[in-house]
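# Residue-level structure breakdown
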Amino acid sequence: MNVGDALTKSSTTTVSSALEPAIVFDRVGVRYGTGRKTTVALADFTLRVAAGETVALLGPSGSGKSTALKALAGFVRPTSGAVRLAGRDVTDLSPAKRGIGVVVQSYALFPHMTVHGNVAFGLKAHRVPRREIDARVTEALEMVGMGAYAKRLPRELSGGQQQRVAIARALAIRPKVLLLDEPLAALDAQLRQSMLGELQQLRKALPDTAMLYVTHDQAEALALADRIAVMRDARLVDIDTAENLWQRPPSDFTAAFLGGANLVPCTVNHISGDAALVTAGTHTLRAKAPKPGVGKAAWAPDAAALLCVRPHTLTVGATTDRDALRATVRASVWRGATTRLRLAVDGLPDEIAADVPGHLAAELDSVVGVRFPDPAGVLIPAELGARPPATAAGSGVDETGPRA
Ligand code: ADP
């Protein structure tokens with residue numbers, strides 16, 4: 001289909017309602033390649049983002065996050081489904097006609113053009129009248145604190161400054177929709193922190209813009225997003241506010257990917273409202289049992305489940321503590337403010353992780369008392385095979401946290 005056809009199609013399918021979400025992915029599928037070499041990069045992907053909302057697409061490398069962004073920006077054509085912007089079907093529209101601001105990890109600045117030239121380029125491509133261009137470039141550069149650098153070439157700027165220019169270029173077209181694909185991934189840790197703060201400021205300065213932010217870094221998702229869409233193997237696994245996903249993870253994958261969690265296999269003994277008694281190994285523990293999400297079975301006695309226990313909620317002390325379970329210290333990794341212990345708890349099948357204050361020394365192979373909070377954690381449906389690969393052997397805690 002050529003662009004002319006696409007425009008006709010788009011205009012006939014326009015729904016002119018202010019209530020339409022800024023972004024809609026409607027059962028989008030994307031495949032790369034053909035025949036035996038086909039990769040399903042996105043499957044049945046449905047997501048709505050309201051004007052003024054920031055949604056983070058969070059997931060491991062290869063889970064389809066960038067492909068979703070490219071499908072929306074028009075850089076790849078969905079093999080099925082549709083993408084809509086403010087109610088308008090743009091599935092077949094060329095990228096430049098979508099009016100979307102895009103920022104990518106590699107900055108993608110033209111090396112031979114000045115900062116001004118780079119920002120102006122996008123405006124020319126969007127056919128902004130010449131007389132308006134200078135003012136729009138200045139406005140965009142000032143938004144990202146780069147007003148004084150207009151005459152420099154990209155190579156005369158630091159990585160963080162280049163990324164700011166790339167953001168200014170995306171903002172110059174005053175987009176209703178801003179897509180950011182791992183924008184901080186190429187920066188060092190310290191710069192990433194300060195850029196996160198700047199992105200928060202930018203978010204505040206653009207209250208009507210819908211943002212889709214791709215990252216494999218949960219800290220970025222937690223810092224910036226109103227809602228987090230967790231992705232795995234080309235599919236959306238869970239979507240909710242960061243707080244809900246953290247407090248009541250709907251799946252073991254999300255529990256482990258967002259914040260790290262001990263996922264202790266258990267059996268439900270008794271349910272009363274949103275409280276449960278469970279058996280884990282030889283122990284009986286109290287657990288929170290939030291109502292399972294739509295389409296998932298309610299908790300039932302004797303059902304297998306996982307008890308999600310966050311490492312920082314465990315207390316490690318002496319074995320004389322009568323409320324503590326006996327455990328042997330299998331590993332102790334000092335991280336400065338905290339120490340991550342791996343504990344083999346008597347009567348539990350798998351080792352668990354506990355984060356204790358950094359000054360607490362725990363010798364390898366020593367026996368300690370570990371106290372679970374009460375309730376010990378939150379129940380998660382046991383969906384076999386849904387855990388991240390790095391954690392499949394036991395608990396969902398990865399020593400290094402989620403990785404790409
Ligand atoms: P993410 O952004 O989560 O890292 P991507 O969307 O880049 O994931 O990739 C999803 C899947 O599609 C991966 O298996 C990846 O290897 C594959 N893929 C991405 N781009 C292409 C391409 N141009 N050709 C073939 N396969 C691709």
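Small disclaimer: the values here were computed from a predicted structure and weren't measured.

Rules of the game
Residues numbered from 1 in each chain as written. Predicted model: local features only at pLDDT ≥ 70, side-chain atom pairs only at ≥ 80, totals over all residues. Heavy atoms only, no water. Helix = DSSP H or I, 4+ residues; strand = E, 2+ residues; numbered from the N terminus. Buried < 20%, exposed > 50% of the residue type's maximum accessible area, 1.4 Å probe, protein only. Contact = heavy atoms within 4.5 Å. Areas by Shrake-Rupley, 256 points an atom, 1.4 Å probe, with all protein chains shown as cover. pLDDT = per-residue confidence, 0-100. Core = buried A, V, L, I, M, F, W, Y, C linked by side-chain atoms within 4.5 Å. Phe/Tyr/Trp six-rings, centres within 6.5 Å; stacked < 30°, edge-to-face > 60°. Lys NZ or Arg CZ within 6 Å of the ring centre and 35° of its normal. Expected span 1.5 Å × (residues − 1). Arc of directions from axis to C-beta. Axes fitted to C-alpha atoms, helices over the stretch in contact; angles between N-to-C directions. Parallel < 35°, antiparallel > 145°, perpendicular 65-115°, else oblique. Left-handed = near helix turned anticlockwise from the far one by under 90°. Nonpolar A, V, L, I, M, F, W, Y, C, P; charged D, E, K, R; others polar.

## Overview of the overall build of the protein chain
A tally of regular secondary structure across the protein chain gives 9 helices and 20 strands. Burial status across the protein chain gives 48% buried among its 404 residues. In the protein chain, 68% of the contacts between residues at least 6 apart in sequence involve partners at least 24 apart. In the structure as shown, the protein chain presents an accessible area of about 19500 Å², 52% of it carried by carbon and sulfur atoms.

## Quick word on the confidence of the model for the protein chain
Within the protein chain, residue pLDDT values average 87, and 90% of them lie at 70 or more. Low pLDDT, under 50, characterises residues 1-16; the predicted model gives this stretch 22 contacts beyond four residues in sequence or across chains. Confidence drops under a pLDDT of 50 for residues 385-396, and excluding neighbours within four residues, the segment shows 30 contacts in the predicted structure.

## A few points about the nonpolar core
Of all hydrophobic cores here, the largest spans 35 residues; its most connected members are V119 and I167. For this core, the secondary-structure elements that each account for two or more residues are α3 (115-125), α4 (130-143), α5 (159-172), β7 (177-181), α6 (189-205) and β8 (210-215). Looking at which element gives the most residues to this core, the answer is α5, with 7 residues. Among all residues touching I167, those that are not within four sequence positions of it are V103, V144, M195, L199 and L202. The next biggest cluster of nonpolar side chains, apart from the first, holds 31 residues, and it includes A276, A305, V356 and A376.

## Quick notes on helix α2 (residues 65-73)
Counting buried positions along α2 gives 7 out of 9 residues, so the element sits mostly inside the fold. By the burial criterion, the buried members of α2 are K65, T67, A68, L69, A71, L72 and A73.

## Some details on the packing of aromatic side chains
If you walk through the whole model with that rule in mind, you get 3 aromatic pairs. Ring centres of F110 and F121 lie 4.7 Å apart, and the angle between their planes is 65°; this geometry places the pair in the edge-to-face category. Pair noted here: F110 is in the loop between β6 (100-104) and α3 and F121 is in helix α3, with a separation of 11 residues, a long-range link. Here the aromatic rings of F253 and F257 are separated by 5.8 Å at their centres, their planes lie at 10°, and the arrangement is stacked. Note that F253 and F257 are positioned in helix α9 (residues 252-257) at a spacing of 4 residues, about one turn of the helix. Each member of the pair, F253 together with F257, is buried. Looking at R310, its charged tip hangs above the ring of W246, at a distance of 4.0 Å from the centre.

## Description of α4
Counted at 1.5 Å a residue, the expected span for α4 with its 14 residues is 20 Å, and the 21 Å between its end C-alpha atoms agrees. Within the sequence span of α4, burial applies to I133, R136, V137, A140 and L141. What you see down the axis of α4 is that its buried residues fit within an arc of 130°, all on one side. Turned more than 90 degrees away from the buried face of α4 sit R131, A135 and E142, all of them exposed. Residues of α4 that are buried make contact with α3 and α5. G145 occupies a position one or two residues after α4 and carries a positive phi of about 70°.

## Brief notes about the packing of α5 against α6
Relative to each other, α5 and α6 sit at 20°, their axes nearing to 11 Å. In this view, α5 runs roughly parallel relative to α6, as classed from their interaxial angle. Our pair here, α5 against α6, has a crossing hand that is right-handed. Of the residues in α6, those touching α5 at G160, Q163, R164, I167 and L171 are L191, M195, E198, L199 and L202. Across the contact of α5 with α6, the residue classes tally to 6 nonpolar, 2 polar and 2 charged.

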